[in-house]
Amino acid sequence: MPVIAPWPTARPAQITTGREDTDDAMAAGTTVDHLTETYRAHYRSLLGLAALLLDDTASCEDVVQEAFIRVHSARKRVRDPEKTLAYLRQTVVNLSRSALRRRILGLKLLSKPMPDMASAEEGAYEQLERDQLIKAMRGLQRRQREVLVLRYFADMTEAQVAETLGISLGSVKAYGSRGIAALRVAMEAPA
């Protein structure tokens, strides 16, 4: 897995442990410079830690950068400058866990069919019925097919169908009745 460090590093940063520096840091928290140097010096190891927990480089880089941002915003709570790296590592682990939880939850939600969705078998059966209906509709007389399509698929009233086709209301009823009877016979016949 190729890894690119954000800044070139020649050597790990030296952390001063003088008594006066420790007292100042404990009073004010970890300094921005110390946090930045620690991040630069240990970027690759933090990325390697994330890579052990996650599977793609982009996610690892995002986690490590997010860890730096979070520790940076909470640097006042890091009283001991020598624990800065430990805070960064723990934040990388926690963010990696969160990323994995989101992925798992997403997979669980995607793998469940929607409650109102038909199963694959039902969908295939419905497709076969539609194909059979279309075939049966093609076997009807032209006027029967026109009346049934306008009446049931276009959702027109009998009067609207009569007006559209230019036939009487009685003819619409007769063609519709005969067409439905013919469809029943065709749909019940073995294919």
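Scope of this entry: the structure provided in the associated data block. Remember, it's a predicted structure, so these values are computed and weren't measured experimentally. Residue numbering note: each chain is counted from 1, following its sequence as written. It should be noted that, the model being predicted, local features are given only for residues of pLDDT at least 70 and side-chain atom pairs only at 80 or more, the latter also being counted only at that level, while totals for whole chains, interfaces and linings use all residues. The side-chain quantities take in all heavy atoms of the structure and omit both hydrogens and water.

Considerations on the environment of Glu-61
Turning to step 1, where the next piece is worked out: The residue Glu-61 is located in helix α3 (residues 57-73) in this model.
Turning to step 2, where the next piece is worked out: A sequence separation of 10 residues divides Glu-61 from Ala-51, and the C-alpha atoms of the two residues are 8.9 Å apart. Secondary structure counts use DSSP, requiring at least four H or I residues in a row for a helix and at least two E residues in a row for a strand, with both numbered from the N terminus.

Here's the deal with the packing of aromatic side chains
Turning to step 1, where the next piece is worked out: Any Phe, Tyr or Trp ring, taking Trp's six-membered ring, that has another such ring centre within 6.5 Å forms a pair; planes under 30 degrees apart are called stacked, those over 60 apart edge-to-face, and the others tilted. On inspection of all chains with the given rule, the structure shows 2 aromatic pairs.
Turning to step 2, where the next piece is worked out: On the basis of an interplanar angle of 75° and a centroid distance of 5.5 Å, the ring pair of Tyr-39 and Tyr-43 is categorised as edge-to-face. Separated by 4 residues within a single helix, Tyr-39 and Tyr-43 lie in helix α2 (residues 32-53), roughly one turn from each other. As far as the burial class goes, Tyr-39 and Tyr-43 line up, both buried.
Turning to step 3, where the next piece is worked out: Between Tyr-39 and Phe-68, the ring centres sit 4.4 Å apart and the planes meet at 35°, which makes this aromatic pair tilted. With Tyr-39 in helix α2 and Phe-68 in helix α3, the pair connects residues that are 29 residues apart, well separated along the chain. Judged on exposure class, the residue Tyr-39 and its partner Phe-68 are both buried.
Turning to step 4, where the next piece is worked out: Chaining the aromatic ring pairs together yields one cluster made of Tyr-39, Tyr-43 and Phe-68.
Turning to step 5, where the next piece is worked out: Criterion for a charge above a ring: Arg CZ or Lys NZ at most 6 Å from the ring centre, at most 35 degrees from the ring normal. Arg-151 extends its terminal NZ or CZ atom over the ring of Tyr-152, reaching a point 5.6 Å from the ring centre. Only protein chains enter the area calculation, which uses a 1.4 Å probe; residues under 20% of their type maximum are buried, those over 50% are exposed, and those in between are partly exposed.

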